[in-house]
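Structure at a glance
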Amino acid sequence: MSFQTYFAQETIIYKEGIQFSVRITVVEENTNNLIKNAEIEVNGVLYSFPDINGKYIVKAKVGDEVRISHPDFETVYYTLKSSEDIKILVRGFSTLKSKFNSRDKRYKEVDFYLQYLDSAKFYKKQNIDKSVSFIEKALQKKESKRRNATTYKLLADIYLHWKQYDLAIYNYKLSNQINKEKSTKIALANAQFLSKKYKESLKTYQNLKNERLSVYEEIIVFEGLGDIAFATKKLENSKLNYQKALKVAKTNFVTPKITDLNSKIADVLAAQGNIIEAAKQFESSLILAEKENRSRSLKEEEKVADFYNSNKLYDDEIKLRKQSLVKANEINLSKKYSKEKDSITSQKINYKIGNAYLLKQDYENAIPFLEKSKKDANKKNDIVVEKDATKKISEVFANLGDDEKALKNYKEYVSLVDTLYVRKEQEIQQVKRFSKKISDNQNRITSLEKDKELAQSKISLAYIDQKLSEESNRKQRIIIYSLFGGILMLILLAYFMYRNNKQQKLANNLLALKSMRSQMNPHFIFNALNSVNSFIAVNDERNANRYLSEFSVLMRSVLENSDEDFISLNKEIELLELYVKLEHNRFKDKFNYQINLDKNIDLEQFSIPPMLLQPYIENAIWHGLRYKKELGGLNISIDKKDLETVLITIIDDGIGRKKSQELKTSHQLKQKSKGMSTIKKRIQILNDMYKERISVNVSDTFKNGGGTKVELLLKKK
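To keep things clear, this report deals only with the structure shown in the data block. Each chain has its residues counted from 1, running along the sequence as written. At least 70 in pLDDT is required for a residue's local features to be given in this predicted model, at least 80 for side-chain atom pairs to be given and counted, and no such filter applies to totals for whole chains, interfaces and linings, which use all residues. Based on all heavy atoms of the structure, the side-chain values leave hydrogens and waters out of the count.

Topic: unusual backbone geometry
- One non-glycine residue, K163, lies in positive phi territory at about 65 degrees.
- For K163, the position within the fold is in the loop between α3 (145-161) and α4 (165-178).
- With a 1.4 Å probe rolled over the protein chains alone, any residue whose accessible area is under 20% of its type maximum counts as buried; one over 50% counts as exposed, and the rest are partly exposed. A relative accessible area of 55% places K163 in the exposed class.
- Positive phi is not limited to glycine here, since K312 has a value of about 60 degrees.
- Only runs of H or I of at least four residues qualify as helices and only runs of E of at least two qualify as strands under DSSP, and these elements are numbered from the N terminus. Note on placement: K312 falls in the loop between α11 (294-310) and α12 (314-330).
- For K312, a relative accessible area of 63% gives the class exposed.

As structure tokens, then:
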């Protein structure tokens, strides 16, 4: 095919940097029929659908490069010199295709390929099943190389949107092998970066630097190199590439990228510790973002406010977030972006303002913003923000000395944690089903392609047998190579599926650990609150007050550690000492305790999941020593086993596990403690992820079944 470009006779010339509208039409030269399935791209913005007159109306300015692409003709590049209309004439293009092997040459069938592609694009962000089903239809018939390359690129775009990066990379590479396109290579480099394959992404971007790039593509390549350098902590190299991209963007008035690159340079300066220069750079990006649109401005304000927060510039943060709050309400983000996971909502902004006041210890001003955040989050069913806001409100009232309101809000927080835990379990199951569904889709497409290859091979072999029987040896080699290639493809497919499943399993394990960690805190807190209840029940106001004061110190430690995967062994021991002291105050007539620590152990070199030991001690007190008639004893010791391992031993001389279980049955307890079952699951997942780092053995202290002995081996981090 060939094409020509015609321009309308217009004399209006615009100054550089001023945006105007350009009308682009793509037509078949012989019939003058409009071609409506082209894609027009200017500065990263895609225009996929024409207006009712078949014209693509594009926003651009002098010097911008327009890219016109289509599955059936070569990509066209044109640099705008004025606001002239553009007409692309394509020679040899037809929307009809002859039916294969038809005797009647006049018989034509409609080519649905482009309709399938349009449908796949339409459902791309809504329904992955429907989108991929149209991709399958587009691949069913034998098509040209350019069409197949376009189909696989669109499939990769779909997987990229749904964050299935390995499958996206696989299909981008396949598309590029069939037909090399710069846009495909750029998309491949981006997918490799998102999957954290930085070396592969770097190689792809560096290869692109050797090709003829449009202005926008050059900006994207330098920006991509900067992103890789920033992710790998090569900050000077990152800043250099961002500055190169910014220079090209400024020279060619690519306004959106000027804003983005100023913001990214500020990130580099902040990472280098140059806070003053970073603040100036962020102020520049705020001004530029404000000139673009309110949505872009709001996103940049959120980023800059987070920068102020990380550097303890709380007054600047509060001032900026209050501006963002007004802007968010004006453009009604809660409705417009309600389906976006990371959208900037009023409840999130109110929460962050309240948190900033809390960090300033300005508790009176923190309360109304946190209350508003909680209220808005409840209306919009945003449990995560509602939970966090409720937790902060509890902290504020605790700091103000209003224990009643602090406790009330903390109970609400615990309830929300339980609700969120149930939701997270459902999300884990949904992720599993979604992962399986995507694997099935890719398997169907791969199988479809193999069927097409096999059918074509059979036709070729039959033809060769009939016409070229003397070349039998060559045919045998072709068959062997084809089989070898098929086996290789199957091995590659199995490898990609295995790696995808492995990554999914890791993600599921991390989510499960977080959920179980959230479950342990409410379980522990409810048991501790029962202790406060018991003092109040016997009118022991003095002990209740003292216990509640010490309990608040313990709670602060628990809350500080609740979001951590691991804490130092030293912190865990401090928490246990405080917990055992509290329990001993309540049950002084039931047990004495002793904590022995080997002085040769460097506690900071060992890390342990928070709240790992507390349930064992709780069991020893509540189910062993509490039911003992005479005074019992609890011994906790931390000893050095070898250079890499410590032994933590918890021994009690209580009634023992068997007798404790009998007492439970006799009392007809209706609710089973989840503490031990949850901690077993945590240890199992942690050992699976970190190669048997923790081992636990529980046995009887005495031969007659009395007492309980827990031995926990902990290896270095």
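Focus: the sheet that holds strand β17 (residues 708-715)
- DSSP bridges decide pairing: two strands pair if at least two such bridges lie between them. The mixed open sheet is built from five strands, whose spatial order is β12-β14-β15-β17-β16. The open sheet terminates on both sides in strands that have one partner only, identified here as β12 (591-597) and β16 (694-700). Each adjacent strand pair in this sheet contributes to an overall mean axis angle of 15 degrees, direction not counted.
- Examined bridge by bridge, β12 and strand β14 (residues 632-642) share seven bridges and lie parallel to one another. Across the sheet, F591 pairs through a bridge with G632, a residue of β14.
- When checking whether two residues touch, look at their non-hydrogen atoms; a contact exists if any pair is within 4.5 Å. Helix axes use the C-alpha atoms of the stretch in contact, all axes being lines fitted to C-alpha atoms, and the angles between their N-to-C directions lie in the range 0 to 180 degrees. This element, helix α20 (residues 569-586), spans β12, β14, β15 (645-652) and β17 of the sheet and lies at about 165 degrees to β12.
- On the sheet, helix α21 (residues 614-625) packs against β12, β14, β15, β16 and β17 and is oriented at approximately 150 degrees with respect to β14.

Regarding the nonpolar core
- Grouping buried Ala, Val, Leu, Ile, Met, Phe, Trp, Tyr and Cys residues that are joined through side-chain atoms within 4.5 Å yields what is termed a nonpolar core. Counting residues in each nonpolar core, the largest one holds 43 residues, and the members touching the most others are L554, L569, I617, L634 and L714.
- Broken down by secondary-structure element, the contributors of at least two residues to this core are α19 (541-561), α20, α21, β14, β15, α23 (675-690) and β17.
- Discounting chain neighbours no more than four positions away, the residues touching I617 are L576, Y579, V580, L634, I636 and I650.
- With 35 residues, the next largest nonpolar core counts L213, V221, A278 and L286 among its residues.

Here we look at the packing of helix α15 (residues 363-379) against helix α16 (residues 383-400)
- Two numbers describe how α15 lies on α16: the axes approach to 9 Å, and their chain directions differ by 155 degrees. The orientation of α15 with respect to α16, classified from their angle, is roughly antiparallel. Of the two possible hands of crossing, α15 and α16 adopt the one that is left-handed. For the pair α15 and α16, the contacting residues are Y363, E364, A366, I367, L370, E371, S373, K374, A377 and N378 in the first and V385, E386, A389, T390, K392, I393, V396, F397, N399 and L400 in the second.
- Here the term charged refers only to Asp, Glu, Lys and Arg, the term nonpolar to Ala, Val, Leu, Ile, Met, Phe, Trp, Tyr, Cys and Pro, and the term polar to all other amino acids, Gly among them. The class makeup of the residues in the contact of α15 with α16 is 11 nonpolar, four polar and five charged. Throughout, the term roughly parallel applies to angles under 35 degrees, roughly antiparallel to angles over 145, roughly perpendicular to angles from 65 to 115, and oblique to all others. Should the near helix be turned counterclockwise from the far one by less than a right angle, the crossing is left-handed, whereas a clockwise turn marks it as right-handed.

Topic: a negative patch on the surface
- Like charges within 9 Å and nonpolar side chains (Val, Leu, Ile, Met, Phe, Trp, Tyr) within 5 Å are joined into patches, using only residues over 30% in relative accessible area that form no salt bridge. Using the Shrake-Rupley algorithm and a 1.4 Å probe, accessible areas are obtained, with residue cover drawn only from the displayed protein chains. Each salt bridge in this description consists of a side-chain nitrogen of Lys or Arg and a carboxyl oxygen of Asp or Glu lying within 4 Å of one another. Counted as positive: Lys and Arg. Counted as negative: Asp and Glu. His and the chain ends are not counted at all. A charge is said to be at NZ when it belongs to Lys, at CZ for Arg, at CG for Asp and at CD for Glu. Side chains of E574, E577, D602 and E604 sit close together on the surface and give a patch of like negative charge.
- Its place among the elements puts E577 in helix α20.
- Classification of E577 by relative accessible area gives partly exposed; the value is 39%.

What about the packing of helix α9 (residues 255-271) against helix α10 (residues 275-292)?
- Interaxial distance between α9 and α10 falls to 8 Å at its minimum, and their mutual angle equals 160 degrees. When the interaxial angle is binned, α9 and α10 end up roughly antiparallel. Crossing hand, α9 versus α10: left-handed. Only I275, E277, A278, Q281, F282, S284, S285, L288, A289 and E292 of α10 make contact with α9, whose side of the interface consists of T255, P256, I258, T259, N262, S263, I265, A266, D267, L269 and A270.
- Tallied by class, residues from the contact of α9 with α10 come to 11 nonpolar, seven polar and three charged.

A closer look at the packing of aromatic side chains
- Pairing of aromatic side chains here covers Phe, Tyr and the six-membered ring of Trp, requires ring centres within 6.5 Å, and sorts the geometry by plane angle: under 30 degrees stacked, over 60 edge-to-face, intermediate tilted. The full count for this structure, using the stated rule, is 11 aromatic pairs.
- Pairing F122 with Y123 gives two aromatic rings, centres 5.0 Å apart and planes at 90 degrees, and the pair type is edge-to-face.
- Owing to a relative accessible area of 22%, Y123 belongs among the partly exposed residues under this scheme.
- Pairing F307 with Y308 gives two aromatic rings, centres 5.8 Å apart and planes at 50 degrees, and the pair type is tilted. By the burial criterion, F307 is buried, and Y308 matches it.

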